[in-house]
Amino acid sequence: MVRSIHKLTARQVEAAKKPGRYGDGAGLYLRVAGTGSKRWVFRFTPIKGARPREMGLGSAGKGSVSLADAREAARSFRQQLQKGADPIALKRFEDTAEVPEFGAFADAFVEGQAAGFRNAKHIAQWRMTLTKYAAPIRAKRVDEVTTEDILAILEPIWQTKNETADRLRGRIERVLNAAKARKFRSGENPAAWRGHLELLLPKRIKLQRGHFAAMDYKQVPAFFHELHQREGMATLALEFLILAACRSGEVRRMEWSDLILENTVWVVPGTKMKSG
């Protein structure tokens, strides 16, 4: 839901002199540089948990992009985001007249997403799945990809590699949503799950990998004592994890800048937390 939108007025835009960022709401900002130059920027988060990204919308002021035009551009980008598209990735095809092949469009889409991921592993997984598993449709134009194509890709791995298959489906869906937002295709998304593939594929067997057995809390003191006799950075990290009762990812991504040593305080940034 969009809240507190249209905070600025044309007069405020013209009068803004102090360097900084002035919010109009819903991701649109006026950025004033130390030199006095002004430009419009749109901030957004392409994927839940990813870092916010920023794209320029042009200079602000008389003879440049007006407040109304900046708002319209931001509105268009918000619509693209709602469809699962990345505005920066789509901008690469702004002057493209021909409908691109799925492979080229997917690669550009992933490249546009890369800056927003918190670690390289996620973007590598995106690239791998959309290259290896989606190989049969990479040479097809995005408007030629059909439900039969998607089923041919998913069915062989749907039950044996169900987590990979589900993520692959979602990634293909996002790429095709982006293609639709760019008007390279129309109609229903052949990779959509609700009301579509859920009727054509068998129910997925969830938690195929299973869970590791939990240690009885009564055994933790003895385990910790044994752990303390060992050496190594991994051992120290595990000891800290147990004492702080935190997630392994938070410990592994800890940086000196997160520590306030004089107060013995560790501040975990939201971007390093699972829900961040």
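Our subject in this report is the structure included herewith. (Residues numbered from 1 in each chain as written. Predicted model: local features only at pLDDT ≥ 70, side-chain atom pairs only at ≥ 80, totals over all residues. Heavy atoms only, no water.)

### Focus on the packing of aromatic side chains
Reasoning step 1: Applying the stated criterion across every chain, the model contains six aromatic pairs.
Reasoning step 2: Ring pairing ties together the aromatic residues Phe-42, Phe-44 and Phe-77, which thus form one cluster.
Reasoning step 3: In this structure, Arg-21 is placed above the aromatic ring of Tyr-29, and the distance from its NZ or CZ to the ring centre is 4.6 Å. (Phe/Tyr/Trp six-rings, centres within 6.5 Å; stacked < 30°, edge-to-face > 60°. Lys NZ or Arg CZ within 6 Å of the ring centre and 35° of its normal.)

### Details of the side chain of Thr-147
Reasoning step 1: Along the chain, the position of Thr-147 falls in helix 6 (residues 147-154).
Reasoning step 2: What Thr-147 contacts, discounting residues up to four positions off in sequence, is Pro-190, His-196, Leu-197 and Leu-200. (Helix = DSSP H or I, 4+ residues; strand = E, 2+ residues; numbered from the N terminus. Contact = heavy atoms within 4.5 Å.)

### Points about helix 6
Along an α-helix, a turn takes 3.6 residues, which lines up residues three or four apart on a common side.
Reasoning step 1: The buried count for helix 6 comes to six of eight residues, which makes it a mostly enclosed element.
Reasoning step 2: What helix 6 keeps buried is the set Thr-147, Asp-149, Ile-150, Leu-151, Ile-153 and Leu-154. (Buried < 20%, exposed > 50% of the residue type's maximum accessible area, 1.4 Å probe, protein only.)

### Quick notes on unusual backbone geometry
Reasoning step 1: Not every positive phi belongs to a glycine, and Ala-26 is a case in point at roughly 55°.
Reasoning step 2: With respect to the helices, strands and loops of the structure, Ala-26 is situated in the loop between strand 1 (20-25) and strand 2 (28-32).
Reasoning step 3: Residue Ala-26 is classed as partly exposed on the basis of its relative accessible area, which comes to 24%.

### Topic: the nonpolar core
Nonpolar side chains in soluble globular proteins generally cluster together in the buried interior.
Reasoning step 1: If you look at the biggest cluster of nonpolar residues, it comprises 30 residues, and the most contacted ones within it are Phe-102, Leu-130, Ile-150, Leu-168 and Ile-172.
Reasoning step 2: Those elements that provide at least two residues to this core are helix 4 (102-114), helix 5 (120-133), helix 6 and helix 7 (162-181).
Reasoning step 3: Residue contributions to this core peak at seven residues, all from helix 7.
Reasoning step 4: Those residues in contact with Ile-172 that sit more than four places away from it in its chain are Phe-102, Leu-130, Ile-150 and Ala-191.
Reasoning step 5: Counting 17 residues, the second-largest nonpolar core is a separate cluster that includes Trp-40, Met-55, Leu-57 and Ala-74. (Core = buried A, V, L, I, M, F, W, Y, C linked by side-chain atoms within 4.5 Å.)

### A word on the pairing of strand 2
Reasoning step 1: The alternating pattern of strand 2 places Leu-28, Leu-30 and Val-32 on a buried face, while none of Tyr-29 and Arg-31, on the opposite face, is buried.
Reasoning step 2: From the end of strand 1 to the start of strand 2, which pair antiparallel, there are two residues, and Ala-26 there has a positive phi angle of about 55°.
Reasoning step 3: Note that strand 2 and strand 3 (residues 38-44) share five bridges and pair antiparallel. Note on strand 3: the bridge partner recorded for Tyr-29 is Val-41.
Reasoning step 4: Connecting the antiparallel pair strand 2 and strand 3 is a turn made up of five residues, with Gly-36 showing a positive phi of about 100°. (Pairing = 2+ DSSP bridges.)

### Here's the deal with the sheet that holds strand 2
Reasoning step 1: Pairing in this open sheet of four strands is antiparallel, and the strands run 1-2-3-4 from one edge to the other. Only two strands of the sheet have a single partner each, and these edge strands are strand 1 and strand 4 (53-59). Neighbouring strand axes in the sheet, compared pairwise and without regard to direction, differ in orientation by 30° on average.
Reasoning step 2: Pairing geometry for strand 3 and strand 4, over six bridges, is antiparallel. (Axes fitted to C-alpha atoms, helices over the stretch in contact; angles between N-to-C directions.)

### Considering the side chain of Arg-185
Reasoning step 1: Tracing the sequence through the fold places Arg-185 in the loop between helix 7 and helix 8 (220-228).
Reasoning step 2: A polar contact is formed between the side chain of Arg-185 and the backbone oxygen of Val-142, at a distance of 2.5 Å.
Reasoning step 3: There is a polar contact of 3.4 Å between the side chain of Arg-185 and the backbone oxygen of Val-145.
Reasoning step 4: With residues up to four places along the chain from it excluded, the contact list for Arg-185 reads Val-142, Asp-143, Val-145, Leu-176, Ala-179, Lys-180 and Pro-190. (Polar contact = N/O pair within 3.5 Å; in protein donor to acceptor, adjacent residues only side chain to side chain.)

### What to know about the environment of Gly-170
Reasoning step 1: Assignment of secondary structure puts Gly-170 in helix 7.
Reasoning step 2: Taking C-alpha positions, Gly-170 is 7.3 Å from Ala-191, a pair spaced 21 residues apart along the chain.

### Observations regarding the packing of helix 6 against helix 7
Reasoning step 1: At a minimum axis separation of 10 Å, helix 6 and helix 7 run at an interaxial angle of 155°. Here helix 6 lies roughly antiparallel to helix 7, going by the angle between them. Helix-helix and strand crossings are classified by hand; for helix 6 and helix 7 the assignment is right-handed. Of helix 7, the residues touching helix 6 (which contributes Ile-150, Ile-153 and Leu-154) are Ala-165, Leu-168, Arg-169 and Ile-172. (Parallel < 35°, antiparallel > 145°, perpendicular 65-115°, else oblique. Left-handed = near helix turned anticlockwise from the far one by under 90°.)

### Description of the pattern of salt bridges
Side chains carrying opposite charge are able to pair once their charged atoms draw close together.
Reasoning step 1: Under the counting rule described, the total for this entry stands at 13 salt bridges.
Reasoning step 2: Of the charged contacts, one joins Glu-54 and Arg-43 as a salt bridge, the two residues approaching to 3.5 Å between their closest N and O atoms. Of this pair, Glu-54 sits in strand 4 while Arg-43 is found in strand 3, placing the two residues eleven residues apart along the sequence.
Reasoning step 3: Looking at Glu-54, the relative accessible area reads 29%, which means it is partly exposed.
Reasoning step 4: The exposure class of Arg-43 is partly exposed, given its relative accessible area of 28%.
Reasoning step 5: Glu-72 is the salt-bridge partner of Arg-75, the closest N and O atoms lying 2.4 Å from each other. Here Arg-75 and its partner Glu-72 are both found in helix 2 (residues 67-82), three residues apart, which amounts to about one turn of the helix.
Reasoning step 6: Judged by relative accessible area, Arg-75 falls into the partly exposed class, the value being 33%. (Salt bridge = Lys/Arg side-chain N within 4 Å of Asp/Glu carboxyl O.)

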